[in-house]
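Below, each chain spelled out in residue letters.
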Amino acid sequence: MNGLKLTYFNIRGRGEIIRMLLYTRKVTFDDFRVPLNFWFDGQKGKIGDRHVQLPIMTINGVEYPNIQSVPLFYYFARECDLYGQSNLERLYIDQFLRYYEDMISLDVPMFVTPELGRKAVIERPFWELMYRKTKPINIDALEKNRKTMYPRMFSYVEKLIVMNAKRGWEFCVGKKFGLADIALHVATQTAFQEAPEVFHKFPGIRAMRSLTEEQKYLKVYLDTRPYTPL
Ligand SMILES: N[C@@H](CCC(=O)N[C@@H](CS)C(=O)NCC(=O)O)C(=O)O
């Protein structure tokens, strides 16, 4: 793989799994982080037309807009040999990807409220403020996640990890590090930043997160990546 460029916002969001897959294998790529104000200040035309959403991926110098993040996760996981050793393992990996989707849909409302809606995303001062903030703006959503939603979702994933450990699996899926571990780490990162106490009851999730953080090349990235709320 060469001529690789990820065009995405300066958040983890739907770009982080791609970044982490590539860093795991020390694949060189251009990690282009579009400033939010640039996108929402009517300068989007410099990146693409109004029908374009991010991420945009460039592979071998060819740009693929609107290619969808999840197919990109699978593509790069296959390219990097991080997508399981058997069809059954891939079934389990896909399961973790679904939990990732569920989890990020819980995170977003803590930062973007319906009342603020579109107004929030087009107002540059709002974003600048938000990205300096370390705490969510929607305290109700944070409390609901902290008390109910994160523990509920985590308990499902914890059960999966415990069951998989009983099969002799050392990682989320199988005996090799891969996409499921990365998806779990990304899926739980906002919760880890905003409600770390929730993790106390979930040793399996904590252990899997640690294994991800110990990956040699990934560790360098995780230790130096910019702080972002999402
Ligand atoms: N299903 C798409 C969703 C893409 C998407 O919603 N992208 C958001 C950022 S996460 C975006 O570009 N928002 C700005 C806009 O729609 O103009 C995918 O997974 O790639």
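Definitions and cut-offs
Residues numbered from 1 in each chain as written. Predicted model: local features only at pLDDT ≥ 70, side-chain atom pairs only at ≥ 80, totals over all residues. Helix = DSSP H or I, 4+ residues; strand = E, 2+ residues; numbered from the N terminus. Buried ≥ 20, exposed ≤ 12 C-beta atoms within 10 Å, placed from the backbone. Contact = placed C-beta atoms within 7 Å. Pairing = 2+ DSSP bridges. Axes fitted to C-alpha atoms, helices over the stretch in contact; angles between N-to-C directions. Expected span 1.5 Å × (residues − 1). Bend = angle between axes of the 7 residues up to and from the residue. Core = buried A, V, L, I, M, F, W, Y, C linked by C-beta atoms within 7 Å. Parallel < 35°, antiparallel > 145°, perpendicular 65-115°, else oblique. Nonpolar A, V, L, I, M, F, W, Y, C, P; charged D, E, K, R; others polar.

(A) Expanded view of the overall build of the chain. Across its full length, the chain holds ten helices and four strands. Ordering the α and β elements of the chain from the N terminus gives β-α-β-α-β-β-α-α-α-α-α-α-α-α. In the chain, which comprises 230 residues, the share counted as buried stands at 29%. Pairs at least 24 apart in sequence give 76% of the contacts found in the chain among residues at least 6 apart.

(B) Summary view of the pairing of strand β3 (residues 56–59). For strand β1 (residues 5–9) and β3, the ladder comprises three bridges, and the chain directions are antiparallel. Looking at β3, one finds that K5 is bridged to T58. Of the strand pairs in this sheet, β3 and strand β4 (residues 62–64) are connected by three bridges, and their pairing is antiparallel. Each residue of the ladder has a partner; that of I59, found in β4, is V62.

(C) Expanded view of the sheet that holds β3. Spatial ordering of the open sheet is given by β2-β1-β3-β4, a layout of four strands whose pairing is mixed. Two strands close off the open sheet at either side, each with one partner strand: β2 (30–34) and β4. Taking the axes of each pair of neighbouring strands and ignoring which way they run, one obtains an average angle of 20° across the sheet.

(D) Summary view of helix α7 (residues 139–166). Between its terminal C-alpha atoms α7 stretches 38 Å, which fits the 40 Å expected from 28 residues at 1.5 Å a residue. Along α7, the sharpest kink reaches roughly 55°, centred on N145. Buried residues of α7: N145, M149, Y150, F154, V157, L160 and I161, and no others. On the buried face of α7, the contacting elements are α4 (87–107), α8 (179–194) and α9 (203–213). Just past α7, the residue G168 takes up positive phi, approximately 90°.

(E) Looking closely at the nonpolar core. If you look at the biggest cluster of nonpolar residues, it comprises 42 residues, and the most contacted ones within it are L21, F96, L179, A183 and L184. Among the secondary structure elements, those contributing two or more residues to this core are β1, α1 (16–24), α3 (69–79), α4, α7, α8 and α9. Considering every element that reaches this core, the biggest residue donor is α8, with eight residues. In contact with L179, not counting residues within four places along its chain, are L21, F73, A77, L82, Y83 and I93.

(F) The arrangement of the packing of α1 against helix α10 (residues 216–224) in detail. At a minimum axis distance of 7 Å, the contact between α1 and α10 shows a crossing angle of 135°. The orientation of α1 relative to α10 falls into the category oblique. Here M20, Y23 and T24 of α1 come into contact with α10, specifically with Y217, L218 and Y221. Tallied by class, residues from the contact of α1 with α10 come to five nonpolar, one polar and no charged.

(G) Inspection of the environment of E197 at higher detail. Relative to the helices and strands, E197 is located in the loop between α8 and α9. You can call E197 exposed: it has 8 C-beta atoms within 10 Å. Each C-alpha atom of the pair E197 and R146 lies 8.6 Å from the other, and the pair is 51 residues apart in sequence.

(H) Geometry of unusual backbone geometry. A cis geometry characterises the amide bond from L54 onward to P55, with omega recorded as 10°. Counting through the fold element by element, P55 comes out in the loop between α2 (36–43) and β3. Phi angles above zero are rare outside glycine, and K26 is one such case at about 55°. Within the element layout of this structure, K26 appears in the loop between α1 and β2. Judged by C-beta crowding, with 12 C-beta atoms within 10 Å, K26 ranks as exposed. Positioned with a positive phi, N66 is a non-glycine residue whose angle comes to about 50°. With respect to the helices and strands, N66 occurs in the loop between β4 and α3. Judged by the 11 C-beta atoms lying within 10 Å of it, N66 falls in the exposed class.

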